[in-house]
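Chain by chain, the residues:
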Amino acid sequence: MHTEFTDQLSDYLDDDLSSVERDTVEQHLRGCAECRAVLNDLKRVVAEAQTLPPRPPQAELWNGIADEIKGTGLGTKGTGVGARHHPTPVPFRLAFTMPQLAAAAVILVAVSAGLAWRIADGAARARSAVIVASGAAQPGDNPGGASAAVPVERDAPLSPSIVQVAYADAQYDAAVADLEKALKLGRGRLDASTIAVVEHNLQIIDHAIAQAREALAADPANSYLSGHLVDARRRKLDLLRRATELTSETD
Amino acid sequence: MALSGETSIQARTGDPDVALAAAGDSSAFERLYRAHVVRIHNLTRRMLGGQEADEVTQDIFVRTWQKLAQFRGESAFSTWLHRLAVNVVIERRRSFAIQRGRMSDDVAALDGLSVAPARADLTVDMEHAIDQLPPGAREIFVLHDVEGYKHREIAVLLDIATGTSKRQLHRARMLLRGYLSGD
């Protein structure tokens, strides 16, 4: 490896060399396979860095922030700028209320139920493992709502590592719409804190769905993102289902 | 007729939540948090490592809340927030570096990166590889190659020479190349 040239390869990649320097490097690259290989590796590193998929934080951070900002006296609408004061930031704790922990447990149960789930009579049942994205969102798709990816059943044999993903699954959309309608009708039977927790968790899941869809649009073949999206959609469905069951249990 | 502060910000940014949050609406601020937390957390995690990311992300949003009254809507809220986040991260990095005596432009400090065995899936390893970079190199690599900052911007942010930024970036890329290829 010729370090006098490889040391210039980042500047070459970033177009930060003078025309004379650039010509010299290019002339060398034409005759040096080793330095060409280094350049190709550096291109891969840069490309990887530019396409890193977004990863949401694993913990819910909002509660600690909410606790802090309430301490500033701006926790309620209309307090106004003049009332603002600036306490020294203190170390944060990840705080969860009991209802939130309960909701988290609901979600965990839903997740542990696995990929084998059913939307309607004998319908969509996930079979194989990992997922591959089929492309960009379709027209009319609602980013925060009920039209992201779900696994769909296929009769034809699939690759062991691939499950097809549909972006506009009518059964899923209908199931979510039905559950949302039932929840709306029954919400009067739930106490306010339960409703708040359910709505808060739905917001989180919708946000996760939107983030996963955005990332998948940029990297449609990323199986991690596809799995994340399917998982988030399933969580939404299961959370809606459990919340609706709660309304009927209180009858 | 002059616009009120809230209306003025909304008019300039097109985002009612920014104006509402600036006026003290914590629900609007939570919506802003939900919209931006992933990007901010990714920035902090990649620049500081996973252990610090949660706390620093929270610190960034608390400071954002405290400084929202200073936001004039002259740039996009996301740009303003990102710049604030970068400044908080750099400030935090400096305090770590001073504590640990690692504040140096000396690129020889980059030589300690361990080499991982070669793996086929670069994407899987990339986050881990970035986390393995020495702090100074990681900071510049993330700002330049992940976040898209220019060397001259990084030089101002970090108070270093542009040439130092370029050298550190190249060293970071070469270390990542070696790490990811198993050399």
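Residues numbered from 1 in each chain as written. Chains lettered and ligands numbered in written order. Predicted model: local features only at pLDDT ≥ 70, side-chain atom pairs only at ≥ 80, totals over all residues. Heavy atoms only, no water.

Hey, could you run me through the overall build of chain B in this one?
The helix and strand inventory of chain B stands at nine helices and zero strands. Of the regular secondary structure in chain B, the N- to C-terminal order runs α-α-α-α-α-α-α-α-α. Sorting the 183 residues of chain B into buried and exposed places 57% on the buried side. Contacts spanning at least 24 positions in sequence make up 66% of the contacts within chain B whose residues lie at least 6 apart. (Helix = DSSP H or I, 4+ residues; strand = E, 2+ residues; numbered from the N terminus. Buried < 20%, exposed > 50% of the residue type's maximum accessible area, 1.4 Å probe, protein only. Contact = heavy atoms within 4.5 Å.)

Explain the overall build of chain A here, please?
What chain A contains, in helices and strands, is nine helices and two strands. Counting helices and strands in the order they occur from the N terminus, chain A gives α-α-α-α-α-α-β-β-α-α-α. By residue count, 41% of the 251 residues in chain A fall in the buried class. Restricting to contacts in chain A with at least 6 residues of sequence separation, those with at least 24 account for 69%.

For this particular structure, what's the right way to read unusual backbone geometry?
Keep in mind that most residues, glycine aside, have a negative phi and that most peptide bonds are trans. Positive phi outside glycine occurs at Asp-15 of chain A, with the angle close to 60°. Looking at where Asp-15 of chain A falls in the secondary structure, it is placed in the loop between helix 2 (9–13) and helix 3 (19–31). Judged by its relative accessible area of 54%, Asp-15 of chain A falls in the exposed class. Residue Asp-159 of chain B is not a glycine yet carries a positive backbone phi of 60°. Within the secondary structure, Asp-159 of chain B sits in the loop between helix 8 (151–158) and helix 9 (162–181). With relative accessibility at 67%, the residue Asp-159 of chain B sits in the exposed group.

Can you walk me through the interface of chain A and chain B in this structure?
The figure often quoted for interface size is the accessible area lost as the parts come together. Of the residues lining the interface, 53 residues belong to chain A; the matching set on chain B comes to 48 residues. Here chain A meets chain B over a buried area of about 4400 Å², counting both sides, of which 60% is carbon and sulfur. Put simply, chain A and chain B have four salt bridges between them. Asp-16 of chain A is paired through a salt bridge with Lys-166 of chain B; the nearest N and O atoms lie 3.8 Å apart. In this assembly, chain A and chain B are joined by eleven residue pairs in polar contact (both at pLDDT 80 or more). For the side of chain A that touches chain B, the secondary structure elements donating two or more residues are helix 2, helix 4 (33–50), helix 5 (62–70) and helix 8 (192–218) of chain A. Per element, the largest residue contribution to the side of chain A that touches chain B is nine residues, and it comes from helix 4 of chain A. In the side of chain A that touches chain B, the residues fall into 25 nonpolar, 15 polar and 13 charged. (Buried area = accessible area lost by both parts, 1.4 Å probe. Salt bridge = Lys/Arg side-chain N within 4 Å of Asp/Glu carboxyl O. Polar contact = N/O pair within 3.5 Å; in protein donor to acceptor, adjacent residues only side chain to side chain. Nonpolar A, V, L, I, M, F, W, Y, C, P; charged D, E, K, R; others polar.)

Looking at this model, I keep getting lost on the packing of aromatic side chains. Mind explaining?
For any pair of aromatic rings, the description rests on two quantities: the centre-to-centre distance and the angle between the ring planes. Taken as a whole and judged by the stated rule, the model has eight aromatic pairs over all chains. Ring centres of Phe-71 of chain B and Phe-77 of chain B lie 5.8 Å apart, and the angle between their planes is 80°; this geometry places the pair in the edge-to-face category. Residue Phe-71 of chain B shares its accessibility class with Phe-77 of chain B, and that shared class is buried. Taken together through their ring pairs, the aromatic side chains of Trp-62 of chain A together with Phe-29, Tyr-33, Phe-61 and Trp-65 of chain B make up a single cluster. (Phe/Tyr/Trp six-rings, centres within 6.5 Å; stacked < 30°, edge-to-face > 60°.)

Would you take a moment to explain the pattern of salt bridges for this structure?
Close approach of charged atoms allows side chains of opposite charge to pair. Residues and elements named next belong to chain B. Tallied over the full model, the rule gives 18 salt bridges over all chains. Measuring nitrogen to oxygen at the nearest pair gives 3.3 Å for the salt bridge that ties Glu-127 to Arg-45. Of this pair, Glu-127 sits in helix 6 (residues 122–132) while Arg-45 sits in helix 3 (residues 26–48), and the two are 82 residues apart along the sequence. Across the pair Asp-131 and Arg-138 runs a salt bridge whose closest N-O atoms are separated by 3.2 Å.

What is the right way to look at the nonpolar core in this model?
One broad trend across soluble globular proteins is that nonpolar side chains are buried collectively. Ranked by size, the top nonpolar core spans 59 residues in total, and within it Phe-29, Ile-60, Leu-68, Met-126 and Phe-141 of chain B carry the most contacts. No other element matches helix 3 of chain B, which puts ten residues into this core. Residues contacting Phe-141 of chain B, with those up to four places away along its chain left out, are Val-45 and Ala-49 of chain A together with Met-126, Ile-130, Leu-133, Val-146, Leu-169, Ala-172, Arg-173 and Leu-176 of chain B. Leu-190, Ile-195, Val-198 and Ala-208 of chain A belong to the second largest nonpolar core, which has 20 residues in total. (Core = buried A, V, L, I, M, F, W, Y, C linked by side-chain atoms within 4.5 Å.)

Before we go on, may I ask you to explain the layout of surface pockets in this structure?
Left-over empty space is what a probe sized like a water molecule reveals as it rolls over the atoms. Of the volumes computed, that of the second largest pocket is approximately 500 Å³. Residue lining of the second largest pocket: 20 residues in total, with Leu-52, Pro-53 and Pro-54 of chain A together with Asn-42 and Arg-46 of chain B positioned closest to the centre. Elements with a contribution of two residues or more to the lining of the second largest pocket: helix 4 and helix 8 of chain A together with helix 3 of chain B. Here the lining of the second largest pocket takes six residues from helix 3 of chain B, the largest share from any one element. (1 Å grid on protein atoms, 1.4 Å probe; cavity = no way out; pocket = protein on both sides within 12 Å on 5 of 7 lines; lining within 4 Å. Points joined across faces, edges and corners; volume = space filled by probe spheres on them.)

What should I look at first to understand the confidence of the model for chain A in this one?
Detailed reading of the predicted coordinates is not advisable wherever pLDDT is low. Residues and elements named next belong to chain A. When pLDDT is averaged along chain A, the result is 64; 53% of the residues meet or exceed 70. Taken element by element, the predicted model of chain A shows its lowest mean pLDDT in strand 1 (residues 150–151) (31) and its highest in helix 2 (94). In the predicted structure, residues 74–101 sits below a pLDDT of 50 and forms 63 contacts with residues beyond four places in sequence or in another chain. Within the model, the stretch residues 105–168 combines pLDDT values under 50 with 133 contacts to residues more than four positions away or in other chains. (pLDDT = per-residue confidence, 0-100.)

Looking at this structure, how should I read the packing of helix 7 (residues 135–146) of chain B against helix 9 of chain B?
Each pair of packed helices can be described by the angle between their axes along with the distance between the axes. Residues and elements named next belong to chain B. For the pair helix 7 and helix 9, the least separation of the axes is 8 Å and the interaxial angle reads 95°. With respect to helix 9, the element helix 7 is oriented roughly perpendicular. Here Gly-136, Ala-137, Ile-140, Phe-141, His-144 and Asp-145 of helix 7 come into contact with helix 9, specifically with Ser-165, Gln-168, Leu-169, Ala-172, Arg-173 and Leu-176. Taken together, the residues of the contact of helix 7 with helix 9 sort by class into six nonpolar, four polar and two charged. (Axes fitted to C-alpha atoms, helices over the stretch in contact; angles between N-to-C directions. Parallel < 35°, antiparallel > 145°, perpendicular 65-115°, else oblique.)

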